[in-house]
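Coordinates in review
Letter by letter, the chains look like this.
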Amino acid sequence: MRRPTTLAVALLLLVSPAAAQNAQVADALQQRDVTAAMSLVQQGVDVRTPQADGSTALHWAAHWDELAAARALLDAGADPRQANRYGVVPLALAAENGSAPMIETLLAAGADPDVGSPGEPPVLVAARTGRVDAIRTLLAHRADVDAREAWHGQTALMWAAAEDHAAAVRVLVEGGAAIHARSNGGFTAMLFAARAGAIDAARVLVDAGASVDDTLPNGSPAVSVAIGALHYELAAYLVSRGANVRVADTAGVTPLHALVQARNPGATSPL
């Protein structure tokens, strides 16, 4: 299975120099030697001792999605809230994998459903994977469905829409996600879908009450955004659902202007 390489995993793997003394369980699980790790646990070796970068055995169990090992570690006293040097907790890695069983195990042991890695709430990371069961598990434990990442103010619904994870969009909407919320840059989930050509996600959003006439801060409507990104099928879908094709941005560019410019990229603006 392909492993994601976004923030939480990158931070976990970034520093693994000589391991801290006595971090034997973590060392074994870093190598995915579950047999050796479980033998050490049975011998009473401290499962909470971190490696040099702060990664614990539970971090590695979550990273490799070794559920039985994670449960054994928790039974032996592992702390699901223990962060490594970069602020990453095991739940962030479970969310990266979209692993509902691991997420459930960590949450049941006391992990905070809204804490993953700095700036990235777990529900956003799970939404990016598109794994509906992972999202449902987080929401069932009262994760904030409208939590925002720290850099651009984007939400899980925006991330799911941008990746065209229609089923994830539906689950988030059913969980109370704010359909009309905007990122710091003024994008709604619909505008993210328009830019990405995410037509399946757009259909779910429209059926849930999202506006086909959402506009960017400069007045550019979703149809123009889709056309500018060369997603003509999505633009046509928005028009079929009643999008206003006469609306212009602050420079006076309408969807028709955007279409002409997109089809003739060397042409000067008609305005």
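Each remark here, short or long, concerns the structure printed above.
Residues numbered from 1 in each chain as written. Predicted model: local features only at pLDDT ≥ 70, side-chain atom pairs only at ≥ 80, totals over all residues. Heavy atoms only, no water.

Focus on the overall build of the protein chain
- A tally of helices and strands in the protein chain yields 16 helices and zero strands.
- Within the protein chain, contacts between residues separated by at least 24 positions form 70% of all contacts whose residues are at least 6 apart in sequence.
- In the form shown here, the protein chain has an accessible surface area of approximately 11,800 Å², with 50% of it arising from carbon and sulfur atoms. (Helix = DSSP H or I, 4+ residues; strand = E, 2+ residues; numbered from the N terminus. Contact = heavy atoms within 4.5 Å. Areas by Shrake-Rupley, 256 points an atom, 1.4 Å probe, with all protein chains shown as cover.)

Let's talk about the pattern of salt bridges
- Applying the stated rule across the entire model yields seven salt bridges.
- Of the charged contacts, one joins Asp-133 and Arg-131 as a salt bridge, the two residues approaching to 3.6 Å between their closest N and O atoms.
- On the basis of relative accessible area, Asp-133 is assigned to the partly exposed category, the value being 33%.
- Its relative accessible area of 35% is what places Arg-131 among the partly exposed residues.
- Residues Asp-200 and Arg-203 are paired through a salt bridge, measuring 3.2 Å at the closest nitrogen-oxygen approach. (Salt bridge = Lys/Arg side-chain N within 4 Å of Asp/Glu carboxyl O. Buried < 20%, exposed > 50% of the residue type's maximum accessible area, 1.4 Å probe, protein only.)

A closer look at the nonpolar core
- Judged by nonpolar contacts, the single largest core of 87 residues is most densely connected at Val-25, Leu-29, Leu-73, Val-169, Leu-172, Leu-205 and Leu-238.
- Residue contacts for Val-169: discarding those within four places in its chain leaves Leu-157, Ala-160, Ala-161, Ala-201, Val-204 and Leu-205. (Core = buried A, V, L, I, M, F, W, Y, C linked by side-chain atoms within 4.5 Å.)

Quick notes on the environment of Leu-29
- Mapping Leu-29 onto the fold places it in helix α2 (residues 24-30).
- Between the alpha carbons of Leu-29 and Ala-62 there is a distance of 9.9 Å; along the sequence they are 33 residues apart.

Comments concerning the packing of helix α4 (residues 57-64) against helix α5 (residues 67-75)
- Viewed as axis vectors pointing N to C, α4 and α5 meet at an angle of 160°, and their least axial separation amounts to 8 Å. Viewed along their axes, α4 and α5 adopt a mutual orientation that is roughly antiparallel. Seen from above, α4 lies across α5 with left-handed handedness. Together, Ala-57, Leu-58 and Ala-61 of α4 and Ala-69, Ala-70, Leu-73 and Leu-74 of α5 make up the contact between the two elements. (Axes fitted to C-alpha atoms, helices over the stretch in contact; angles between N-to-C directions. Parallel < 35°, antiparallel > 145°, perpendicular 65-115°, else oblique. Left-handed = near helix turned anticlockwise from the far one by under 90°.)

Some words on unusual backbone geometry
- Within the chain, Asp-65 stands out as a residue other than glycine whose phi angle is a positive 60°.
- Within the secondary structure, Asp-65 sits in the loop between α4 and α5.
- Looking at Asp-65, the relative accessible area reads 29%, which means it is partly exposed.
- With a phi angle near 70°, Leu-230 is a residue other than glycine that sits in the positive phi range.
- In this fold, Leu-230 is placed in the loop between α14 (222-228) and α15 (232-240).

Topic: α4
- With seven of eight residues buried, α4 is to be regarded as a mostly interior element.
- Of the positions making up α4, those classed as buried are Ala-57, Leu-58, His-59, Trp-60, Ala-61, Ala-62 and His-63.
- Directly after α4, the chain includes Asp-65, whose backbone phi takes a positive value near 60°.

Digging into helix α11 (residues 166-174)
- Along α11, the positions that sit buried rather than exposed are Ala-166, Ala-168, Val-169, Val-171, Leu-172 and Val-173.
- Those residues of α11 that are buried lie in contact with α8 (122-129), α9 (132-140), α10 (156-162) and α13 (199-207).

A few points about the environment of Thr-137
- Residue position: Thr-137 is located in helix α9.
- The exposure class assigned to Thr-137 is buried, which follows from its relative accessible area of 12%.
- Here the alpha-carbon distance between Thr-137 and Pro-113, two residues 24 residues apart in the chain, equals 9.4 Å.
- Within polar-contact distance, the side chain of Thr-137 engages the backbone oxygen of Asp-133 at 2.8 Å. (Polar contact = N/O pair within 3.5 Å; in protein donor to acceptor, adjacent residues only side chain to side chain.)

A closer look at the side chain of Ser-183
- Positionally, Ser-183 belongs in the loop between α11 and α12 (189-196).
- Once residues within four sequence positions are removed from consideration, Ser-183 is found in contact with Arg-148, His-152, Gly-153, Gln-154, Met-158 and Phe-192.

Brief notes about the packing of helix α6 (residues 90-97) against α8
- As a packed pair, α6 and α8 sit with axes 7 Å apart at the nearest point and diverge in direction by 20°. When the axes of α6 and α8 are compared, the pair comes out roughly parallel. Between α6 and α8 lies a crossing whose hand is right-handed. Every residue of α8 that contacts α6 at Leu-91, Ala-95 and Glu-96 is listed here: Pro-122, Val-125, Ala-126, Arg-128 and Thr-129.

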